[in-house]
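Chain residues, written in single-letter form:
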Amino acid sequence: MVKPWEVAKHEYLKAVRRRSFVLATLGFPLLFAAIIGFSVLVATDGGDSQPVGYVDESGLLAASQPAAGTQAFADETSARAALDAGTVQGYYVLPPGYLSGEAPRLVYLTEAPSDDARRAFNRLVRSALLADQSPEVRQRLEAGLSVTMQSAEDGRELASDDFLSFLIPLFAGMFYVFAVLSSAGYLLQAMTTEKENRTVEVMATSLSPMQLITGKAAGLFAVAMTQLAIWGAAAVLALTIAAAATDLFRGVQIPWSLMGVVLIYFVPSFALVAGIMIALGGVVADLQQGQQIAGIVNLFFIMPFFLFAIILARPDSPLAIALTLFPTTAFLTVAMRWGVTTVPAWQMAVGLIGLVICAVVAIWVAARVFRIGMLSYGQRLSWQTVRRALRGRELAG
Amino acid sequence: MTTQSSTPTVQITGVRKSFGAVRAVDDVSFDVYPGEIFGMLGPNGAGKTTTIRLMLDIFRPDAGKVAVFGGPMEEEKKNRIGYMPEERGMYRDQKLESTLVYFARLKGMDEDEARDRLAGWLQRLDLYDHRQKRVQDLSKGMQQKAQIISTLVHEPDLIIIDEPFSGLDPVNTRLVKEIIEEQRQAGRTIIMSTHQMYQVEALCNRIVLIDKGRSVLYGAVDEIKRRFAGNAVLIEGEGDFTSVDGVLDAYQRNGAWHLPLAAGISPQEVLRSLASREDVHIERFEVAEASLDDIFVMVVQGETPDG
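Residues numbered from 1 in each chain as written. Chains lettered and ligands numbered in written order. Predicted model: local features only at pLDDT ≥ 70, side-chain atom pairs only at ≥ 80, totals over all residues.

**Side note on the interface of chain B and chain A**
Interfaces are often sized by the accessible area lost when the parts come together.
Here is step 1: Listed per partner, the contact involves 21 residues of chain B and 19 residues of chain A.
Here is step 2: Within the residue set of the side of chain B that touches chain A, elements represented by two or more residues are β5 (81–84) and α2 (96–106) of chain B.
Here is step 3: It is α2(B) that provides the largest number of residues to the side of chain B that touches chain A, a total of 4 residues.
Here is step 4: The residue inventory of the side of chain B that touches chain A, partitioned by class, reads 11 nonpolar, 1 polar and 9 charged. (Contact = placed C-beta atoms within 7 Å. Helix = DSSP H or I, 4+ residues; strand = E, 2+ residues; numbered from the N terminus. Nonpolar A, V, L, I, M, F, W, Y, C, P; charged D, E, K, R; others polar.)

So this is what it looks like as structure tokens:
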């Protein structure tokens, strides 16, 4: 175990000292912080702090007290004067026929009143309309229909009106795929480095190909875990701070069950990508050639992003289910569907089993192709040689 | 010093290896014993590197048997082997010392011990002041010396060096020869593979000559030279000595012409032939000991002393 550990340590330290790793690892939390910060700023800064005025010609609000953020005017002339004087953001006019269907008007100068101001006036009107209802009914009607969806199969619950509940899994899925693919990129580099630096023979006479592959994959797995841990910690910290700062994030709950699913999918996903990249590193002549092919391979992992709108609009469609069952797209599709539907356990199980099988096959192929490929300096292996390697005819040891 | 009574460190018996239609190694056999320097000689592309790779289990032979330390190659035996491949390999963007420590660790060495031993080697080979430099910033000769350190630092029982002197200046070539001789005196088994036969003939105890994948000559250097004694002449003088009857080859070394002779041709016949020519002027003529280069030319042309 000492030799794979040495290789893992070597690869880990080499990768985390790379400028690209530092930039990506710190850049994402900074970007996340910037997005959260911007949201908090928008949510807390309602723009104009002036109230919104209203002129009630319908008599609906006669018995109501002006709510916070609103100001009553006796007629439109005085409201207009206040608007010109800049003491209100704008004003509503409830026409005499409002209750019989006549539309109200909103008057402003150049910029429409803020969302907060409009919400304050809406609340005032709704309260007046519901004045003869009991407080419980009023509260229900004002809150709207908030549904909690529950899967009869696994009991998982989902709130229908919490936009963050689908955004967070989506972001988690993105980060996950990015972490897997970037560490796969390092792995490809780690393989082609041996080839480009002509160190393969030194390696082959120091440890077995499987020890080398295991060490490299373990080191870069740790790199991916480090990256995910930093991103996860940054996300939790940012959400905690944001929840304390604004109502927008107050109801946010960390989807721990999804985090568990991430962990379950992570190892086989990484093993699958690792197997593909090791085999690719053995077949290609240099890193540049490898990266071109890796780009195509990566498409199979990020395909759900291109079908984002369809998956979210119809999360239980045959396409979404097919992508959940397909090994390379399984996790990202699950993450996308997580916030908008309850993914049946059987679909996740089938996707995961497929992923594990593919990962085992990929590692097997990688180990076979690796040794013969590694010694082919500066040239690409022919498919004939690869086929022979898979049949074990070119292999030693 | 050859101790053939002991168990061979390496035993190659009738190995064959083909790549597609090309037969790279064809029925090669030899043994290498502890405490000897064994030369694997032959021109570029003869099959020497493939034979080494078969020996080290990097390739598996199509036929024949390879035994290292008395049996098939196993993972535990790798720590007892130091191999300097023809394709020199070091991580170019890494620092010299950390690369050497990493390689030593992969040979099973403790890190502190590796650092201690490396310090001594780096000083001896004038690389100590360059140990914090990236490998790519070192000259080719320095990289070559670093590779030699990496091959020897874990004190292997079997040392295999492919083209040991390529890229080295005469001073460092001498230094490396000294180091190889020291390793032999320490009882280690050394296999040197090279196409520069004149570089190793004074060092090697025994050799195998490989040509086109086949072993064409195998035995102790002294014995082989005795067999081919008198089959070459050394000439100093003026004129063109490249087309002399009964001569297989003609090349200059240290200002003198070296002429290996065809089988059945005596030095006296060559002297008579040259004396009758007016376009050459001879200042010195002597029967020479055939060099390994000469012997190789004679053997591949079928001009053995018995032939």
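**Examining the nonpolar core**
Here is step 1: Counting 158 residues, the largest nonpolar core has Leu187(A), Met277(A) and Leu259(B) as its most contacted members.
Here is step 2: If sequence neighbours within four positions are ignored, Met277(A) has contacts with Ala184(A), Leu187(A), Leu188(A), Met191(A) and Ala294(A).
Here is step 3: Formed by 16 residues, the second largest nonpolar core is a distinct cluster that contains Phe73(A), Ala79(A), Leu83(A) and Val125(A). (Core = buried A, V, L, I, M, F, W, Y, C linked by C-beta atoms within 7 Å. Buried ≥ 20, exposed ≤ 12 C-beta atoms within 10 Å, placed from the backbone.)

**Section: the sheet that holds strand β3 (residues 90–94) of chain A**
Hydrogen bonding along the main chain pairs the strands of a sheet, whether they run parallel or antiparallel.
Residue and element names in this part refer to chain A.
Here is step 1: What the 4 strands build is an open sheet, ordered β2-β1-β3-β4; its pairing is mixed. Strand pairing shows two members of the sheet lacking a second neighbour, β2 (70–73) and β4 (105–108), which therefore form its edges. In this sheet, adjacent strand axes meet at a mean angle of 25 degrees when their direction is disregarded.
Here is step 2: Bridge count between strand β1 (residues 52–56) and β3: 4 bridges; the pairing is parallel. Paired with Gly53 across the two strands is Tyr91, which belongs to β3.
Here is step 3: With respect to the sheet, helix α4 (residues 115–129) is in contact with β1, β2 and β3, its orientation differing from that of β1 by roughly 30 degrees. (Pairing = 2+ DSSP bridges. Axes fitted to C-alpha atoms, helices over the stretch in contact; angles between N-to-C directions.)

**A closer look at the domain arrangement of chain B**
Residue and element names in this part refer to chain B.
Here is step 1: Taken domain by domain, chain B holds domain 1 (10–225) and domain 2 (228–300).
Here is step 2: Here domain 1 and domain 2 have C-alpha centroids that lie 34 Å from each other.
Here is step 3: Contact residues are listed per partner, giving 10 residues for domain 1 and 11 residues for domain 2.
Here is step 4: Elements with a contribution of two residues or more to the side of domain 1 that touches domain 2: α6 (197–200), β8 (206–211), β9 (214–220) and α7 (221–227).
Here is step 5: In terms of residue class, the side of domain 1 that touches domain 2 is built from 7 nonpolar, no polar and 3 charged. (Domains from an automatic or database assignment.)

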